[in-house]
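Here is how the chains run, residue by residue.
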Amino acid sequence: MKQWNPARLLPGRKKLPPYVTENVTEELIRLENLVKIYDTGAIKVLGLKKINLTIRRGEFVAIMGQSGSGKSTLMNILGCLDRPTMGHYYLDGIDTAALTPNQLSEVRNRKIGFVFQSFNLIPRTSALRNVELPMTYAHRLSKKERRERAMALLEQVGLGARAEHMPNELSGGQRQRVAIARALSNEPPLILADEPTGNLDTASSVEIMELFSRLHEGGATVVVVTHEEDIAAFTERIIRFRDGQIISDKRNGGKETCS
(Lines give C-alpha, C1' and ligand atoms only; values in the text may rest on other atoms or scores of the structure.)
Protein backbone atom coordinates (compact mmCIF):
# COMPACT_ATOMS: atom_id res chain seq x y z
CA MET A 1 0.00 0.00 0.00
CA LYS A 2 1.31 3.47 -0.86
CA GLN A 3 1.37 5.79 2.15
CA TRP A 4 1.32 9.54 2.57
CA ASN A 5 3.83 10.61 5.17
CA PRO A 6 2.57 13.58 7.23
CA ALA A 7 6.15 14.58 7.93
CA ARG A 8 6.33 15.71 4.29
CA LEU A 9 3.86 18.46 5.10
CA LEU A 10 6.47 20.41 7.01
CA PRO A 11 9.63 20.40 4.90
CA GLY A 12 12.65 22.08 6.40
CA ARG A 13 11.47 21.91 10.03
CA LYS A 14 13.97 20.33 12.43
CA LYS A 15 11.28 19.59 15.01
CA LEU A 16 7.69 18.62 14.32
CA PRO A 17 4.91 20.11 16.45
CA PRO A 18 3.29 17.71 18.97
CA TYR A 19 0.26 16.99 16.78
CA VAL A 20 2.32 15.68 13.84
CA THR A 21 3.82 12.21 14.10
CA GLU A 22 7.20 11.43 12.60
CA ASN A 23 6.54 7.69 12.34
CA VAL A 24 3.84 6.68 9.89
CA THR A 25 1.69 3.90 11.32
CA GLU A 26 -0.95 1.88 9.54
CA GLU A 27 -3.69 3.30 11.73
CA LEU A 28 -4.83 6.83 10.88
CA ILE A 29 -8.13 7.21 12.81
CA ARG A 30 -9.11 5.56 16.08
CA LEU A 31 -12.26 6.28 18.07
CA GLU A 32 -12.55 4.89 21.58
CA ASN A 33 -15.91 4.88 23.41
CA LEU A 34 -16.82 8.10 21.65
CA VAL A 35 -19.95 9.82 22.98
CA LYS A 36 -21.54 13.07 21.81
CA ILE A 37 -24.37 14.64 23.81
CA TYR A 38 -26.22 17.75 22.67
CA ASP A 39 -27.62 19.76 25.57
CA THR A 40 -30.58 21.79 24.29
CA GLY A 41 -31.46 23.08 27.74
CA ALA A 42 -34.74 21.27 28.18
CA ILE A 43 -33.42 17.87 27.12
CA LYS A 44 -30.17 16.16 26.31
CA VAL A 45 -29.87 14.41 22.96
CA LEU A 46 -27.45 11.52 22.57
CA GLY A 47 -25.86 12.03 19.14
CA LEU A 48 -23.24 9.26 19.29
CA LYS A 49 -23.29 6.25 21.62
CA LYS A 50 -19.88 4.79 22.56
CA ILE A 51 -18.46 4.54 19.05
CA ASN A 52 -15.37 2.37 18.62
CA LEU A 53 -13.84 2.54 15.16
CA THR A 54 -10.50 2.27 13.38
CA ILE A 55 -9.73 3.51 9.86
CA ARG A 56 -6.37 2.52 8.46
CA ARG A 57 -4.12 4.60 6.29
CA GLY A 58 -4.99 4.26 2.62
CA GLU A 59 -8.58 3.07 3.09
CA PHE A 60 -11.52 4.31 1.01
CA VAL A 61 -14.52 4.39 3.36
CA ALA A 62 -18.18 5.37 3.07
CA ILE A 63 -20.11 6.41 6.17
CA MET A 64 -23.83 5.96 5.57
CA GLY A 65 -27.08 6.63 7.38
CA GLN A 66 -30.34 8.51 7.17
CA SER A 67 -30.88 12.01 8.57
CA GLY A 68 -30.43 11.91 12.34
CA SER A 69 -28.40 8.70 12.28
CA GLY A 70 -25.26 10.34 13.66
CA LYS A 71 -23.13 10.37 10.51
CA SER A 72 -22.94 14.19 10.33
CA THR A 73 -22.06 14.38 14.03
CA LEU A 74 -19.25 11.90 13.40
CA MET A 75 -18.13 13.89 10.35
CA ASN A 76 -17.77 17.05 12.46
CA ILE A 77 -15.69 15.22 15.05
CA LEU A 78 -13.47 13.53 12.45
CA GLY A 79 -12.89 16.94 10.88
CA CYS A 80 -11.95 18.47 14.27
CA LEU A 81 -14.88 20.86 13.86
CA ASP A 82 -16.44 19.58 17.08
CA ARG A 83 -15.26 17.67 20.15
CA PRO A 84 -16.75 14.54 21.68
CA THR A 85 -18.48 14.82 25.05
CA MET A 86 -16.70 11.67 26.25
CA GLY A 87 -14.23 9.23 24.80
CA HIS A 88 -11.26 9.79 22.55
CA TYR A 89 -10.54 10.62 18.92
CA TYR A 90 -6.98 9.81 17.88
CA LEU A 91 -5.85 11.25 14.55
CA ASP A 92 -2.43 10.01 13.50
CA GLY A 93 -1.91 8.73 17.04
CA ILE A 94 -2.65 12.06 18.71
CA ASP A 95 -5.62 12.49 21.06
CA THR A 96 -7.31 15.58 19.62
CA ALA A 97 -8.93 16.32 22.99
CA ALA A 98 -5.50 17.41 24.23
CA LEU A 99 -5.10 20.12 21.58
CA THR A 100 -5.76 23.82 21.97
CA PRO A 101 -8.15 25.58 19.55
CA ASN A 102 -5.16 26.99 17.64
CA GLN A 103 -3.59 23.55 17.34
CA LEU A 104 -6.90 22.09 16.14
CA SER A 105 -7.07 24.81 13.50
CA GLU A 106 -3.58 23.92 12.30
CA VAL A 107 -4.46 20.22 12.26
CA ARG A 108 -7.47 20.98 10.05
CA ASN A 109 -5.25 22.96 7.70
CA ARG A 110 -2.40 20.47 7.48
CA LYS A 111 -3.91 17.06 8.10
CA ILE A 112 -7.46 17.16 6.72
CA GLY A 113 -8.62 18.03 3.23
CA PHE A 114 -12.32 18.95 3.27
CA VAL A 115 -14.74 18.52 0.36
CA PHE A 116 -18.28 19.78 0.98
CA GLN A 117 -21.61 19.28 -0.79
CA SER A 118 -21.92 23.02 -1.45
CA PHE A 119 -18.28 23.29 -2.69
CA ASN A 120 -17.54 26.26 -0.34
CA LEU A 121 -15.46 28.09 -2.94
CA ILE A 122 -14.87 31.82 -2.55
CA PRO A 123 -17.16 33.34 -5.23
CA ARG A 124 -15.12 36.31 -6.53
CA THR A 125 -11.85 34.38 -6.54
CA SER A 126 -10.41 32.35 -9.40
CA ALA A 127 -10.15 28.58 -9.29
CA LEU A 128 -6.37 28.93 -9.01
CA ARG A 129 -6.59 31.28 -6.05
CA ASN A 130 -9.17 29.07 -4.31
CA VAL A 131 -6.71 26.17 -4.48
CA GLU A 132 -3.85 28.37 -3.25
CA LEU A 133 -5.60 29.61 -0.10
CA PRO A 134 -4.92 26.67 2.28
CA MET A 135 -1.24 26.86 1.35
CA THR A 136 -1.24 30.57 2.16
CA TYR A 137 -2.53 29.84 5.66
CA ALA A 138 0.05 27.06 6.12
CA HIS A 139 2.95 29.55 5.59
CA ARG A 140 5.29 26.88 4.21
CA LEU A 141 5.69 27.77 0.52
CA SER A 142 6.65 30.88 -1.38
CA LYS A 143 4.06 32.65 -3.52
CA LYS A 144 5.65 31.20 -6.66
CA GLU A 145 5.65 27.68 -5.20
CA ARG A 146 2.03 27.98 -4.10
CA ARG A 147 0.96 29.09 -7.55
CA GLU A 148 2.88 26.29 -9.26
CA ARG A 149 1.44 23.66 -6.93
CA ALA A 150 -2.12 25.01 -7.31
CA MET A 151 -1.76 24.91 -11.10
CA ALA A 152 -0.42 21.36 -10.99
CA LEU A 153 -3.35 20.26 -8.83
CA LEU A 154 -5.87 21.84 -11.19
CA GLU A 155 -4.22 20.03 -14.07
CA GLN A 156 -4.39 16.80 -12.04
CA VAL A 157 -8.18 17.17 -11.75
CA GLY A 158 -8.53 18.16 -15.42
CA LEU A 159 -9.06 21.90 -14.98
CA GLY A 160 -5.74 23.43 -15.97
CA ALA A 161 -7.44 25.40 -18.75
CA ARG A 162 -9.98 26.82 -16.28
CA ALA A 163 -7.52 28.09 -13.69
CA GLU A 164 -8.46 31.75 -14.06
CA HIS A 165 -12.23 31.15 -14.20
CA MET A 166 -14.47 32.24 -11.34
CA PRO A 167 -16.69 29.62 -9.65
CA ASN A 168 -19.83 31.00 -11.34
CA GLU A 169 -18.18 30.29 -14.70
CA LEU A 170 -17.80 26.59 -13.85
CA SER A 171 -20.28 23.72 -13.83
CA GLY A 172 -21.15 21.97 -10.57
CA GLY A 173 -18.82 19.08 -11.36
CA GLN A 174 -15.99 21.47 -12.22
CA ARG A 175 -16.50 23.41 -8.98
CA GLN A 176 -16.29 20.18 -7.02
CA ARG A 177 -13.07 19.27 -8.81
CA VAL A 178 -11.65 22.66 -7.78
CA ALA A 179 -12.72 21.85 -4.22
CA ILE A 180 -10.92 18.50 -4.41
CA ALA A 181 -7.76 20.19 -5.74
CA ARG A 182 -8.00 22.64 -2.83
CA ALA A 183 -8.39 19.74 -0.38
CA LEU A 184 -5.15 18.25 -1.70
CA SER A 185 -3.14 21.47 -1.56
CA ASN A 186 -1.35 20.80 1.74
CA GLU A 187 -0.92 17.04 1.09
CA PRO A 188 -3.16 16.01 4.01
CA PRO A 189 -3.17 12.36 5.05
CA LEU A 190 -6.99 12.43 5.28
CA ILE A 191 -9.55 13.52 2.68
CA LEU A 192 -12.95 14.03 4.31
CA ALA A 193 -15.87 14.46 1.90
CA ASP A 194 -19.36 15.37 3.17
CA GLU A 195 -22.06 14.43 0.61
CA PRO A 196 -19.65 15.47 -2.18
CA THR A 197 -22.08 14.54 -4.98
CA GLY A 198 -25.25 15.85 -3.35
CA ASN A 199 -25.53 18.85 -5.70
CA LEU A 200 -24.39 17.07 -8.85
CA ASP A 201 -26.08 15.22 -11.69
CA THR A 202 -25.40 11.53 -12.22
CA ALA A 203 -22.62 11.95 -14.79
CA SER A 204 -20.77 14.52 -12.67
CA SER A 205 -21.21 12.34 -9.57
CA VAL A 206 -19.54 9.43 -11.33
CA GLU A 207 -16.65 11.67 -12.44
CA ILE A 208 -16.09 12.90 -8.88
CA MET A 209 -16.18 9.41 -7.39
CA GLU A 210 -13.79 8.14 -10.06
CA LEU A 211 -11.46 10.98 -9.10
CA PHE A 212 -11.65 9.95 -5.43
CA SER A 213 -10.92 6.37 -6.53
CA ARG A 214 -7.77 7.50 -8.32
CA LEU A 215 -6.66 9.44 -5.23
CA HIS A 216 -7.24 6.34 -3.12
CA GLU A 217 -5.21 4.23 -5.56
CA GLY A 218 -2.42 6.78 -5.15
CA GLY A 219 -2.33 6.21 -1.38
CA ALA A 220 -4.82 8.76 0.00
CA THR A 221 -7.16 7.92 2.86
CA VAL A 222 -10.63 9.00 1.72
CA VAL A 223 -13.73 9.06 3.95
CA VAL A 224 -17.01 9.89 2.21
CA VAL A 225 -20.20 10.67 4.12
CA THR A 226 -23.21 9.83 1.95
CA HIS A 227 -26.75 8.46 1.97
CA GLU A 228 -26.55 7.24 -1.64
CA GLU A 229 -25.92 3.54 -2.24
CA ASP A 230 -24.49 4.07 -5.73
CA ILE A 231 -21.93 6.52 -4.34
CA ALA A 232 -20.95 4.19 -1.50
CA ALA A 233 -20.46 1.42 -4.09
CA PHE A 234 -17.25 3.16 -5.25
CA THR A 235 -15.62 2.66 -1.84
CA GLU A 236 -13.98 -0.45 -0.39
CA ARG A 237 -15.63 -0.31 3.03
CA ILE A 238 -19.10 0.81 4.14
CA ILE A 239 -19.93 1.79 7.73
CA ARG A 240 -23.64 2.26 8.46
CA PHE A 241 -25.09 4.34 11.28
CA ARG A 242 -28.51 4.34 12.92
CA ASP A 243 -29.60 6.18 16.07
CA GLY A 244 -26.04 7.23 16.88
CA GLN A 245 -24.59 3.73 16.64
CA ILE A 246 -22.70 1.64 14.10
CA ILE A 247 -25.07 -1.06 12.90
CA SER A 248 -22.74 -2.60 10.29
CA ASP A 249 -19.15 -2.30 9.09
CA LYS A 250 -18.43 -4.30 5.95
CA ARG A 251 -16.02 -4.52 3.10
CA ASN A 252 -17.70 -3.96 -0.24
CA GLY A 253 -18.76 -7.48 -1.09
CA GLY A 254 -20.24 -8.23 2.31
CA LYS A 255 -17.37 -9.30 4.56
CA GLU A 256 -17.56 -7.94 8.12
CA THR A 257 -14.74 -5.60 9.17
CA CYS A 258 -13.11 -5.66 12.58
CA SER A 259 -12.87 -2.10 13.90
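Residues numbered from 1 in each chain as written. Predicted model: local features only at pLDDT ≥ 70, side-chain atom pairs only at ≥ 80, totals over all residues. Heavy atoms only, no water.

By the naming in an unreviewed UniProt entry, the protein is ABC transporter ATP-binding protein, taken from Candidatus Caccovicinus merdipullorum.

Student: Can you break down the environment of T202 residue by residue, with the values?
Tutor: Position of T202 among the secondary structure elements: in helix α6 (residues 202-217). On a C-alpha basis, the gap between T202 and D230 in space is 9.9 Å, while along the polypeptide they are 28 residues apart. (Helix = DSSP H or I, 4+ residues; strand = E, 2+ residues; numbered from the N terminus.)

Student: Account for helix α4 (residues 143-156), naming residues and giving values.
Tutor: Spanning 14 residues, α4 covers 20 Å between terminal C-alpha atoms, matching the ideal 20 Å at 1.5 Å per step. For α4, every residue scored as buried is listed here: R146, A150, L153 and L154. Viewed along the axis of α4, the buried residues span an arc of 100°, placing them on a single side of the element. Exposed side of α4, more than 90 degrees from the buried face: K144 and E155 are the residues found there. Each element contacted by the buried residues of α4 is listed here: α3 (127-138) and α5 (172-183). Where α4 terminates, the next one or two residues include G158, which has phi positive at roughly 85°. (Expected span 1.5 Å × (residues − 1). Buried < 20%, exposed > 50% of the residue type's maximum accessible area, 1.4 Å probe, protein only. Arc of directions from axis to C-beta. Contact = heavy atoms within 4.5 Å.)

Student: Outline unusual backbone geometry, listing residues and values.
Tutor: The backbone phi angle of N33 is positive, close to 45°, even though this residue is not glycine. Structurally, N33 can be placed in strand β1 (residues 27-39). A positive phi angle is found at F119, which is not glycine, with a value near 75°. Among the secondary structure elements, F119 is positioned in the loop between β6 (112-116) and α3. Under the relative-accessibility criterion, F119 is labelled buried at 8%.

Student: Any chance you could break down the sheet that holds strand β3 (residues 60-64) for me, citing the residues and the numbers?
Tutor: Ordered by their spatial adjacency, six strands build an open sheet running β6-β7-β8-β3-β9-β10, and the pairing between neighbours is mixed. Edge strands, defined here as strands with exactly one partner in the open sheet, are β6 and β10 (245-251). Taken pair by pair, the neighbouring strands of this sheet meet at an average axis angle of 15°, ignoring direction. Here β3 runs beside strand β8 (residues 221-226); their pairing, made up of five bridges, is parallel. Bridging across to β8, M64 finds its partner in T226. Most of the contacts of helix α1 (residues 71-78) go to strand β7 (residues 190-194), to which it runs at about 150°, and overall it touches β3, β6, β7, β8 and β9 (237-242). Each of β3, β6, β7 and β8 touches α6; the most contacted strand, β3, lies at about 135° to it. (Pairing = 2+ DSSP bridges. Axes fitted to C-alpha atoms, helices over the stretch in contact; angles between N-to-C directions.)

Student: Can you lay out the environment of H88 for me, pointing to particular residues and giving the numbers?
Tutor: Checked against the element boundaries, H88 lands in strand β4 (residues 86-91). Put simply, H88 and N33 are 55 residues apart on the chain and 6.8 Å apart in space, counted from C-alpha to C-alpha. Not counting chain neighbours up to four residues away, the residues in contact with H88 comprise R30, L31, E32, L34 and D95. A polar contact of 2.6 Å, which involves the side chain of H88, links it to the side chain of D95. (Polar contact = N/O pair within 3.5 Å; in protein donor to acceptor, adjacent residues only side chain to side chain.)

Student: Account for the sheet that holds strand β2 (residues 44-56), with residues named and values stated.
Tutor: Spatial strand order, β2-β1-β4-β5: four strands in an open sheet with antiparallel pairing. Of all strands in the sheet, those bounded by a partner on one side alone are β2 and β5 (94-95). Judged from the nine bridges that link them, β1 and β2 form a sheet pairing that is antiparallel. Across the sheet, L31 pairs through a bridge with L53, a residue of β2. Docked against the sheet, α1 engages β1, β2 and β4, running at close to 120° with respect to β1.

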